[in-house]
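Chains, contacts and geometry: an overview
Listed here are the chains, written in short residue letters.
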Number of protein chains: 2
Amino acid sequence: MSIRIGIFGYGNLGRGVESAIRQNKDMELVAVFTRRDPAGVQLKTEGVPVYSADKAPEMADKIDVMILCGGSATDLPVQTPEMVKYFNVIDSFDTHAKIPEHFEAVDNAAKSSGKVGIISVGWDPGMFSLNRLYANAILVDGKDYTFWGKGVSQGHSDAIRRVEGVADGKQYTIPVESALEAVRSGSNPELTTREKHTRECFVVAKEGADKARIEEEIKSMPNYFSDYDTTVHFISQKELNEKHSGIPHGGFVIRSGKTGFNAENNHIIEYSLKLDSNPEFTSSVLVAYARAAYRMSKDGDSGCKTVFDVAPAYLSAKTGAELRKELL
Amino acid sequence: MSIRIGIFGYGNLGRGVESAIRQNKDMELVAVFTRRDPAGVQLKTEGVPVYSADKAPEMADKIDVMILCGGSATDLPVQTPEMVKYFNVIDSFDTHAKIPEHFEAVDNAAKSSGKVGIISVGWDPGMFSLNRLYANAILVDGKDYTFWGKGVSQGHSDAIRRVEGVADGKQYTIPVESALEAVRSGSNPELTTREKHTRECFVVAKEGADKARIEEEIKSMPNYFSDYDTTVHFISQKELNEKHSGIPHGGFVIRSGKTGFNAENNHIIEYSLKLDSNPEFTSSVLVAYARAAYRMSKDGDSGCKTVFDVAPAYLSAKTGAELRKELL
């Protein structure tokens, strides 16, 4: 029998989940829930119904795992604790500072309902977090580095578009290659914000706008750009659409640490991602953890979990014996 | 209270474990067991006794986890199922083809004794296996690549030293950079053995030996060298000792896979290690999994496990709340 999946929220992430489910033969998409008018939502999968979000609880016995595809700012803090009353759930809550309180809220609700809720699934938090944990557990005496990019930052692109005179824009976060190399050398450098990443902006100016003023305003924007070496390119809307419509991202998690009676040996553990589509990759991680939530629930577990609490074997469709034979 | 660790076998790996325990404040080395004469074994840690291997069962209530530091060929197939009768155990069994039968033997013994035995811990099998599993679960439609090196292969170094006229020698396995780049590009190349790795040998010839014959014999050796582009350098024993006495190793696990309704987006997941000391890094992994074995046993678990079965949080000395706050 297939694992019956529901998608709650049908934006980039929801579509990514829909697509990822097709790659997993042990899963089946049962329904999509939306806060928009369901009649206006066109899925890519034939025969799958779209329901209004408030109908979700009625589907409690028809869905094994609900994958929540809303945003971290206002959607998930409400939706995850609510939905875990009815379903095993997965979310990609990514406001790092608020994870402890989100965990508590989901844990309380999940323990009451006897369901499993896995939060903060994706790549950061998610796969990057896992690699930080493994590397820290192994190399106790060491230093962590995380670099992001090259990739599109939605928050920084939004910030550009709020500047007066800007019609459209896209921002790329780019790790500084020489900083990466310094870390890989084992020299454990202290790196400032400016030394780790640069920011590159592609901006479409409105007709007659003052480009010099726009560039200056972007580069001096506090929090977003002023601590970075920022480059601003003015291009046409046509070029922006043609060359910058993708949502690539990625990054590097590196731990450099020492072992030996005199700390004489250095070791570098590096994990990196190069993603053509940030939301589709995140969706693929969500779907793998949906399998885990289903199985952990079957095994009698309940409560809130993170990627730290999930034994890796739960993620794979293969049996333990297959995994040991093929992947160990 | 500290986790009480025993070391069974005191070679490179055993010494690495001794060193790693010093970096972990929640652990304590209780005793070392050896098949040699205990009087002839000098530890680096004061006050820790060395016992004869056959005394181990008498320490059953004084040691929480026994870390087995013997070899995979003849030691571990016997020692791990035997020791798990008395202790939670960790081993680094690395004969990939024989893992299923080793698992069965350890699982039967561990289930009878109610102990936890985690086998095949290290980096390959171990961290590389974990990364293969995670990457396969996420990128269902993709291809795996593993490269080893640059590092010393003990088996190939031994093979060199068996050639007539060779006094000493060391062999480095080196991944081919252009093959790595092809994989990282997402082109999913089919790579032959020769295209993936080269082999570099540093050989000390005996006085008057025929170097041309030695070189030819090494390069044409089946299984070990004949399928590779092999370079042979003749050097003095002094130079070998000075420049090639380390045991570095490392490697790369890469998965390249596609997502999207039309498989239009490619993703690269890469994990790599650059290790100054292969045995010390392996030891550090063993020690982290010793913590996990202790905790899983405390939680009532028993039987044989691999890295696939261990929830990551078990590896860290930090609490769940600390992990979520600091590393997620």
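Below: a short report on this structure. Since we're looking at a predicted model, the values are computed, not measured.

Let us look at a positive patch on the surface. Residue and element names in this part refer to chain A. A cluster of basic residues, Arg 15, Arg 22, Arg 36 and Lys 44, forms a positive patch on the protein surface. In this fold, Arg 15 is placed in helix H1 (residues 12-22). Here Arg 15 falls in the partly exposed class, since its relative accessible area comes to 32%.

This brings us to the pairing of strand E13 (residues 265-275) of chain B. All names here are of chain B. With ten of its eleven residues buried, E13 lies for the most part within the structure. Across eleven bridges, the pairing between strand E12 (residues 249-259) and E13 is antiparallel. The residue of E13 that forms the bridge with Phe 252 is Ser 272. Following E12, the chain reverses through five residues before pairing antiparallel with E13; Gly 260 in that reversal takes a positive phi of roughly 105°.

Residues and elements named next belong to chain B. Taken together, the four strands give an open sheet; going across it, the order is E8-E9-E10-E11, and neighbouring strands pair in mixed fashion. The open sheet has two free edges, formed respectively by strand E8 (151-152) and strand E11 (229-234), since each of these has just one partner strand. Where E8 and strand E9 (residues 166-175) come together, two bridges link them in antiparallel fashion. When the bridges of E9 are listed, Gly 151 appears paired with Thr 173. Contacting E8, E9 and strand E10 (197-205), helix H5 (residues 154-161) runs over the sheet at an angle of about 145° to E9. Lying on the sheet, helix H8 (residues 211-219) is in contact with E9, E10 and E11; it crosses E11 at an angle near 150°.

Following the criterion strictly, the structure yields 42 salt bridges over all chains and no others. Of the charged contacts in the structure, one is a salt bridge between Lys 219 of chain A and Glu 215 of chain A, with a shortest N-O distance of 2.8 Å. With Lys 219 of chain A and Glu 215 of chain A both in helix H8 (residues 211-219) and four residues apart, this pair spans about one turn of that helix. On the basis of relative accessibility, which here comes to 32%, the residue Lys 219 of chain A falls in the partly exposed class. Among the ionic pairs, Arg 213 of chain B bridges to Glu 217 of chain B, the shortest N-O distance being 3.1 Å. Pair noted here: Arg 213 of chain B and Glu 217 of chain B are both in helix H8, with a separation of four residues, about one helical turn. Among the residues examined, Arg 213 of chain B registers a relative accessible area of 28% and is labelled partly exposed. Exposure remark for Glu 217 of chain B: the relative accessible area of 33% places this residue in the partly exposed category. Linked through salt bridges whose partners overlap, the residues forming this network are Glu 177, Glu 181, Arg 184 and Glu 270 of chain A.

In this section: the environment of Ile 138 of chain B. Position of Ile 138 of chain B relative to the elements: it lies in helix H4 (residues 127-138). Residues Ile 138 of chain B and Gly 257 of chain B, spaced 119 residues apart in sequence, show a C-alpha to C-alpha distance of 9.0 Å. Ignoring any residue separated from it by four or fewer positions in sequence, one finds Ile 138 of chain B in contact with Met 127, Phe 281, Ser 284 and Val 285 of chain A.

Take unusual backbone geometry next. With an omega of 5°, the peptide bond between Asp 124 of chain B and Pro 125 of chain B qualifies as cis. Relative to the helices and strands, Pro 125 of chain B is located in the loop between strand E6 (116-118) and H4. Positive phi outside glycine occurs at Asn 188 of chain A, with the angle close to 50°. One non-glycine residue, Asn 223 of chain B, adopts positive backbone phi at about 65°. Relative to the elements of secondary structure, Asn 223 of chain B occurs in the loop between H8 and E11.

With that settled, the discussion passes to the relation of the copies chain A and chain B. With an RMSD of 0.0 Å, chain A superimposes on chain B once it is rotated by 180° and translated 0.0 Å along the axis. Here the copies are linked by what is in effect a two-fold axis. Proximity to the rotation axis, assessed at the C-alpha, singles out Ala 311 of chain A in chain A; its C-alpha lies 1.9 Å from the axis. The overlap is high: 100% of the interface residues of chain A also sit at the interface in chain B, so the same surface is used on both sides.

This brings us to the packing of aromatic side chains. Residue and element names in this part refer to chain A. Inspection of every chain in the model, using the stated rule, returns 13 aromatic pairs over all chains. Here the aromatic rings of Phe 8 and Phe 33 are separated by 6.3 Å at their centres, their planes lie at 25°, and the arrangement is stacked. Placement of the pair is Phe 8 in strand E1 (residues 3-8) and Phe 33 in strand E2 (residues 27-34), with a sequence separation of 25 residues. The exposure class of Phe 8 is buried, given its relative accessible area of 7%. For the ring pair Tyr 172 and Phe 202, a centre distance of 5.7 Å and an interplane angle of 85° mean the geometry is edge-to-face. Of this pair, Tyr 172 sits in strand E9 (residues 166-175) while Phe 202 is found in strand E10 (residues 197-205), placing the two residues 30 residues apart along the sequence. As far as burial versus exposure is concerned, Tyr 172 and Phe 202 are alike and both buried. In this structure an aromatic cluster arises from ring pairing among Phe 8, Phe 33 and Tyr 51. The ring of Tyr 172 carries the charged tip of Lys 150 above its face, separated from the ring centre by 5.1 Å.

Here is what the cut-offs are and how they apply
Residues numbered from 1 in each chain as written. Chains lettered and ligands numbered in written order. Predicted model: local features only at pLDDT ≥ 70, side-chain atom pairs only at ≥ 80, totals over all residues. Heavy atoms only, no water. Patch = residues over 30% accessible without salt bridge, like charges linked within 9 Å, V, L, I, M, F, W, Y side chains within 5 Å. Areas by Shrake-Rupley, 256 points an atom, 1.4 Å probe, with all protein chains shown as cover. Salt bridge = Lys/Arg side-chain N within 4 Å of Asp/Glu carboxyl O. Lys, Arg positive; Asp, Glu negative; His and termini not counted. Charge placed at Lys NZ, Arg CZ, Asp CG, Glu CD. Helix = DSSP H or I, 4+ residues; strand = E, 2+ residues; numbered from the N terminus. Buried < 20%, exposed > 50% of the residue type's maximum accessible area, 1.4 Å probe, protein only. Pairing = 2+ DSSP bridges. Contact = heavy atoms within 4.5 Å. Axes fitted to C-alpha atoms, helices over the stretch in contact; angles between N-to-C directions. Least-squares fit on C-alpha atoms with pLDDT ≥ 70 in both. Phe/Tyr/Trp six-rings, centres within 6.5 Å; stacked < 30°, edge-to-face > 60°. Lys NZ or Arg CZ within 6 Å of the ring centre and 35° of its normal.

Functional significance is not addressed by these values, which are geometric in nature.
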